[in-house]
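Fold and contact review
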Amino acid sequence: MAAAGPGAFDLSGLGPEDQGKLMAVMQDLQIQDSLRLYNELVQRCFGECVETFRSKKLDGKEEACVTKCAQKFVKMAARVGQRFAEQQQQLVAEAQRGSTPSS
């Protein structure tokens, strides 16, 4: 069987019902992670950038700060995700080398 893309799992050993349950759990975890990242972004950037509550809108300085903060946060989260995927691939490769029968 050819290897699928990173993060792909071989679910062929599971029945259709179990595959569906596993996929539902994985989707739920992905939603929870997205919400956690969003909340962290809002808390961090709001705390760093919003100084007063004089008006309903952000002033120019605050808006620029929030934009820069959000861009940095998104780049950081993408980089962390990329490094995690690289480490997972490395662990899988090491495990496969370790489980391959020797000649």
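- For the protein, an unreviewed UniProt entry supplies the name Mitochondrial import inner membrane translocase subunit and the organism Galdieria yellowstonensis.
- Comment text from UniProt for the protein, heading Subcellular location (unreviewed entry), reads "Mitochondrion inner membrane".
- The record held by UniProt for the protein lists under Subunit (unreviewed entry) the comment "Heterohexamer."

1. Considering the nonpolar core
- Ranked by size, the top nonpolar core spans 5 residues in total: Leu41, Cys45, Cys49, Cys69 and Phe73.
- Looking at this core, the element that brings in the most residues is helix α1 (residues 16-49), giving 3 residues.
- The contacts of Leu41, once residues within four sequence positions are left out, are Phe46, Ala70 and Phe73.

2. Re the side chain of Glu62
- In this structure, Glu62 sits in helix α2 (residues 60-99).
- Buried and without a salt bridge, Glu62 has Arg54 as its closest oppositely charged side chain, separated by 5.5 Å.
- With residues near it in sequence (within four places) discarded, Glu62 still touches Cys49, Val50, Glu51 and Thr52.

About the thresholds
Residues numbered from 1 in each chain as written. Predicted model: local features only at pLDDT ≥ 70, side-chain atom pairs only at ≥ 80, totals over all residues. Heavy atoms only, no water. UniProt positions renumbered as here; feature names shortened; annotations may be inferred. Core = buried A, V, L, I, M, F, W, Y, C linked by side-chain atoms within 4.5 Å. Buried < 20%, exposed > 50% of the residue type's maximum accessible area, 1.4 Å probe, protein only. Helix = DSSP H or I, 4+ residues; strand = E, 2+ residues; numbered from the N terminus. Contact = heavy atoms within 4.5 Å. Lys, Arg positive; Asp, Glu negative; His and termini not counted. Salt bridge = Lys/Arg side-chain N within 4 Å of Asp/Glu carboxyl O.

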